[in-house]
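These are the residues of each chain, in order.
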Amino acid sequence: FIPQIVRKLIEDYAPGETQIVCDPFGGCGTTLVEAKLLGHPSIGFDINPVAKLITQTKTTAIKPRTLINYKQRFLDYYDAAPRVSYQHHARIGYWFDEETIAELDKIYFAIKKIKDHNVRRFFLCAFSHNLKNCSRWLMKSIKPTIDKDKIIPVPKASFLRHLDSMIRKNDLFYTKLAESGRIDVAAKMYRRDSTKVFPIDSESVDLIVTSPPYVTSCDYADLHQLTLLWFGDD
């Protein structure tokens, strides 16, 4: 969902700064991010829990220094993490070799030690993104396809690269919001089936901007299955 299109629609159809924007097929939160940057409170819905995780992470600007400090704490937690064998879903063994699973467990264990909810979610989002990279999944495919020749990267190094990229993007987002005084503009994402009645009052939303599912869209149940399998009911 191209951000520039969302921004143009909001600017044209929701002038001012107090109008509520809604995306009933919220996906990874493009509408909510652009609404926040423009100063509009927003509400999103999506049936996919991974979409909720990503959107909540993207719309919550965190002080850059906080993330830098917690990165060091994470590294300390990782170094002290015991070699724990979690009871994973059987399909995890199909996608990951045993050594990779053990290393990913250490990363996950260290992240769960982070007490700040927003920061922990930020790190979990980075972990989620790193799963496909560290699996046997063919990187160019959105369908679950095994790559027999894939060289699996070192999980910790791969995770930290993506975490650093996310920290840089958060820095830009936080700075933009701080300069415009919009850090605290509300952006709420809920896990809901958008074929049902929404838990919002009639005429409480000023603008709906969305990209609804279509026949040839990618299957997010496939695309996000590694995260769903790893996180389970978490």
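Structural data are supplied above this passage.
If you're wondering where the values come from, they're calculated on a predicted model, not measured in any experiment.

### Points about helix 6 (residues 98-112)
Argument step 1. Between the first and last C-alpha of helix 6 there are 21 Å, a value that for 15 residues agrees with the 21 Å anticipated at 1.5 Å per step.
Argument step 2. Structurally, helix 6 contributes buried residues whose contacts are with helix 4 (64-80), helix 5 (92-95), helix 7 (117-134), helix 8 (155-180) and helix 10 (225-231).
Argument step 3. By the N-cap criterion, in which a side-chain oxygen at the helix start approaches the backbone nitrogen of a residue two or three places on, helix 6 is capped by D97, the distance to E99 being 3.2 Å.

### Quick look at the sheet that holds strand 1 (residues 21-23)
Argument step 1. Read across the sheet, four strands follow the order 3-2-1-4 without closing on themselves; strand pairing throughout is parallel. The sheet terminates laterally at strand 3 (187-191) and strand 4 (207-208), the two strands that pair on one side only.
Argument step 2. Direction of pairing for strand 1 relative to strand 4: parallel, over a ladder of two bridges. When the sheet's bridge partners are listed, V21 is paired in strand 4 with L207.
Argument step 3. Against the sheet, helix 3 (residues 49-59) contacts strand 2 (42-46) and strand 3, and its axis sits at roughly 170° relative to strand 3.

### As for the pattern of salt bridges
Argument step 1. A complete count under the given rule lists four salt bridges for this structure.
Argument step 2. For the salt bridge of R7 with E34, the shortest nitrogen-to-oxygen distance reads 3.1 Å. Pair noted here: R7 is in helix 1 (residues 3-13) and E34 is in helix 2 (residues 30-37), with a separation of 27 residues, a long-range link.
Argument step 3. For E34, a relative accessible area of 10% translates into the label buried.
Argument step 4. Close ionic contact of K71 with D164 constitutes a salt bridge, the shortest N to O distance being 2.8 Å. Of the two residues, K71 sits in helix 4 while D164 sits in helix 8, which places them 93 residues apart along the sequence.
Argument step 5. One network of salt bridges, in which partners are shared, links R7, E11 and E34.

What counts and how
- Residues numbered from 1 in each chain as written.
- Predicted model: local features only at pLDDT ≥ 70, side-chain atom pairs only at ≥ 80, totals over all residues.
- Heavy atoms only, no water.
- Helix = DSSP H or I, 4+ residues; strand = E, 2+ residues; numbered from the N terminus.
- Expected span 1.5 Å × (residues − 1).
- Contact = heavy atoms within 4.5 Å.
- Polar contact = N/O pair within 3.5 Å; in protein donor to acceptor, adjacent residues only side chain to side chain.
- Pairing = 2+ DSSP bridges.
- Axes fitted to C-alpha atoms, helices over the stretch in contact; angles between N-to-C directions.
- Salt bridge = Lys/Arg side-chain N within 4 Å of Asp/Glu carboxyl O.
- Buried < 20%, exposed > 50% of the residue type's maximum accessible area, 1.4 Å probe, protein only.

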